[in-house]
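Remarks on the overall topology
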Amino acid sequence: MDLEELLKKFREYSKQDTTVLEYAWNYSSEAHRAQKRASGEKYFMHCAAVTEILLDYKMDLETVAAGLLHDVLEDTAIPHETFRKEFGEEIYTLVAGVTKIETLKFSSRDEAQAENWRKMILATAKDIRVIVIKLADRLHNMRTLNFLTREKQLEISHETISLYAPLAQRLGIFQLKSELEDLSFKYLHPDEYQSLLAKAQLRYAKREKLLEDFKTELEKHLAGAQIPHRVLSRAKNLYSIYRKMQRQQKPFEEIQDSLGVRIITDTVINCYALLGTVHSVFKPVAGSFTDYIAVPKMNLYQSLHTSVMAASGEIIEIQVRTEEMHRTSEYGIAAHWRYKLGEKGADRHLDEKLNWLRQWIEWLQDISSPREFIESFKTDLELDQIFIFTPKGEVKPLPVDATPLDFAYAIHSDVGDTCIGAKVNNKMVRLDQPLKSGDICEIITRKNSSPKKDWLVLVKTAGARSHIRKHLREHGQPEE
Ligand code: MN
């Protein structure tokens, strides 16, 4: 990508003045002039490539500029003050945030990762765009990993798959998450990767026909309905198939991996209308319907999910969503940054949606050991969520296997702290009984009651654990 292409791409979605981009391009290219990458190409090519990824996500002016400049503070002798004066506070803060993550080095590998990550998350409490830049940086490094030594490849792939991919997932940037996973998989298990790739390609070629039949059948029933829509087949994530094989201890041939189809339309009403049509044509599989439009996932994901039986007997998994929901599902939080451009009201909306992230960061500040941080990070990043209702019908998303105590703390820390019992679907249960999606849970509290030390092993969420610890500490009962 050259400067002309960059400006063209940016202007496709933004009317902002691009002077700073031209300046940043020349500044960064000059600053990295003497440096080369392991591939032998000019170092600045990496900065341009990272920026191109940010443009794909339609990021705002400051983020794009910061992408061009993201390695200037770390890899050149330019002092922070000079840089800040040159580009202003906002771009400086973004680049300094990315740099801080990269420059921290610790002796033990585990600790190093944990500490870097903690710093990174904390730094972004103010600005999540730092994470998006860092993810784009990691993606390009993964795409060019073949130029490094085998040892480095393994180290970087391991870090990517255990920390960066889950983070992308948590932020809902699924496209990036899948690519990070598949690239890491390729280096961590090269033989398995190659063999799976060959088998998968064969299987999906056969499925093209099935997809065509499905589309034709659907079109027939939609003719005249005036519902705008397009049907997409779902991109495959090799690593997720591999994980499924491992979990179920089965070879690829025995893995139930249904054909995935997305139907995209304009409005929420039309999502339900399309779903109705689909169900009237194809028999839905019992229990497969989930409404993530009415109850979105924590990472903002929305869609209607259902599975139907095709005429051939194959199961087809269908997701119905609007264009906006589609953008959110592919780009996650990154999709929302563009609404910042000129749309005042959109900011607050996003802010509210991101409350969970802020809350999460607050909990993390309470956790002192890096190992514990990694643990809670991984737990809270689990994809699978369950939805639990209060007796009044309020819904709280929780990780799988969460207990009534987690639920109590999810309502409010005071409710958690004074919890003495719980009813699930009107029956008394133990505080450590795992909850199931759809359960109605009522928490019984008693004034002046307080958390017990053994609760720490009963809870599954970092939030609950952190509140219990805090209470124990404040009341002179540290854990040890
Ligand atoms: Mn970089």
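Described below are features of the structure shown in this document.

Cut-offs applied
- Within each chain, residue numbers correspond to sequence positions counted from 1 in written order.
- Whole-chain, interface and lining totals are the exception, using all residues; otherwise, since this is a predicted model, local features are given only for residues with pLDDT of at least 70 and side-chain atom pairs are given and counted only at 80 or more.
- Water and hydrogen atoms play no part in the side-chain values, which are based on all heavy atoms of the structure.
- Secondary structure counts use DSSP, requiring at least four H or I residues in a row for a helix and at least two E residues in a row for a strand, with both numbered from the N terminus.
- With a 1.4 Å probe rolled over the protein chains alone, any residue whose accessible area is under 20% of its type maximum counts as buried; one over 50% counts as exposed, and the rest are partly exposed.
- Contacts are residue-level and defined by heavy atoms, with any inter-residue pair within 4.5 Å sufficient.
- Reported accessibility uses the Shrake-Rupley method at a 1.4 Å probe radius. Residues are deemed covered only where the shown protein chains occlude them.
- Between rings of Phe, Tyr and Trp, where Trp is taken as its six-membered ring, a pair exists when centres lie within 6.5 Å; planes separated by under 30 degrees are stacked, by over 60 edge-to-face, and by other angles tilted.
- A ring is scored as having a charge over it whenever the NZ atom of a lysine or the CZ atom of an arginine sits within 6 Å of its centre and within 35 degrees of its normal.
- A 2.8 Å cut-off from the metal defines N, O and S donors, relaxed to 3.2 Å for Na, K and Ca; water is not in the atom list, so some sites may appear incomplete.
- Patches here are clusters of residues that have more than 30% relative accessible area and form no salt bridge, with a 9 Å joining cutoff for like charges and a 5 Å cutoff for nonpolar side chains (Val, Leu, Ile, Met, Phe, Trp, Tyr).
- A carboxyl oxygen of Asp or Glu within 4 Å of a side-chain nitrogen of Lys or Arg is what we treat as a salt bridge.
- Charged residues are defined here as Lys and Arg on the positive side and Asp and Glu on the negative side; His and the ends of the chain fall outside this count.
- Think of each charge as sitting on NZ of Lys, CZ of Arg, CG of Asp or CD of Glu.
- Lines fitted to the C-alpha atoms define the axes, with helices restricted to the stretch that makes contact. Angles between their N-to-C directions range from 0 to 180 degrees.
- In these notes the angle categories are as follows: under 35 degrees is roughly parallel, over 145 is roughly antiparallel, 65 to 115 is roughly perpendicular, and the rest is oblique.
- Residues are grouped as follows: nonpolar covers Ala, Val, Leu, Ile, Met, Phe, Trp, Tyr, Cys and Pro; charged covers Asp, Glu, Lys and Arg; every other residue, Gly included, is treated as polar.

This part covers the overall build of the protein. Each helix and strand counted, the protein has 21 helices and 11 strands in total. Here the protein holds 480 residues, and 50% of them are scored as buried. Residue pairs at least 24 apart in sequence account for 66% of intrachain contacts in the protein once pairs closer than 6 positions are excluded. A total of about 23600 Å² of accessible surface is found on the protein, and carbon and sulfur atoms cover 51% of it.

Moving on to the packing of aromatic side chains. For the structure on display, the rule yields 13 aromatic pairs. Between tyrosine 23 and tyrosine 27, the aromatic rings sit 6.0 Å apart at their centres with planes inclined by 50 degrees, giving tilted as the arrangement. With tyrosine 23 and tyrosine 27 both in helix H2 (residues 19-31), this residue pair falls 4 residues apart, about one helical turn. Exposure remark for tyrosine 23: the relative accessible area of 37% places this residue in the partly exposed category. Between phenylalanine 83 and phenylalanine 87, the ring centres sit 5.1 Å apart and the planes meet at 40 degrees, which makes this aromatic pair tilted. One end of the pair is phenylalanine 83 and the other is phenylalanine 87, both in helix H6 (residues 80-103) and 4 residues apart, which spans about a single turn. Residue phenylalanine 87 is classed as buried on the basis of its relative accessible area, which comes to 9%. The structure contains a cluster of three or more aromatic residues connected by ring pairs, namely Tyr23, Tyr27, Phe83, Phe87 and Tyr92. Between the NZ or CZ atom of arginine 203 and the centre of the ring of phenylalanine 252, over which it lies, the distance is 4.0 Å.

A few words on the coordination of the manganese ion. Every protein donor of the manganese ion is listed here as His46 (NE2), His70 (NE2), Asp71 (OD) and Asp137 (OD), and their distances to the metal cover 2.2 to 2.3 Å. Going along the chain, you hit the donors of the manganese ion in the pattern H-x23-H-D-x65-D. Judged by its relative accessible area of 2%, aspartate 71 falls in the buried class.

Here we take up unusual backbone geometry. In this structure, glutamine 249 is a non-glycine residue whose phi angle is positive, near 55 degrees. Among the secondary structure elements, glutamine 249 is positioned in the loop between helix H12 (238-248) and strand S2 (259-265). A positive phi is found at aspartate 401, a non-glycine position, where the angle reads about 75 degrees. Tracing the backbone shows aspartate 401 in the loop between strand S8 (395-399) and helix H19 (404-411). Taking relative accessible area as the criterion, aspartate 401 reaches 41% and is therefore assigned partly exposed.

Negative charge collects at one region of the surface, where Asp2, Glu4, Glu5, Asp17 and Glu22 lie side by side. Structurally, the position occupied by glutamate 22 is in helix H2.

All right, on to the packing of helix H10 (residues 174-188) against helix H11 (residues 190-222) then. Look at H10 against H11: their axes get within 5 Å of each other, and the N-to-C directions meet at 120 degrees. In terms of orientation, H10 and H11 fall into the oblique class. Taken together, the residues of H11 that come into contact with H10 (itself represented by Asp182, Phe185, Lys186, Tyr187 and Leu188) are Pro190, Glu192, Tyr193 and Leu196. Considered class by class, the residues forming the contact of H10 with H11 number 6 nonpolar, no polar and 3 charged.

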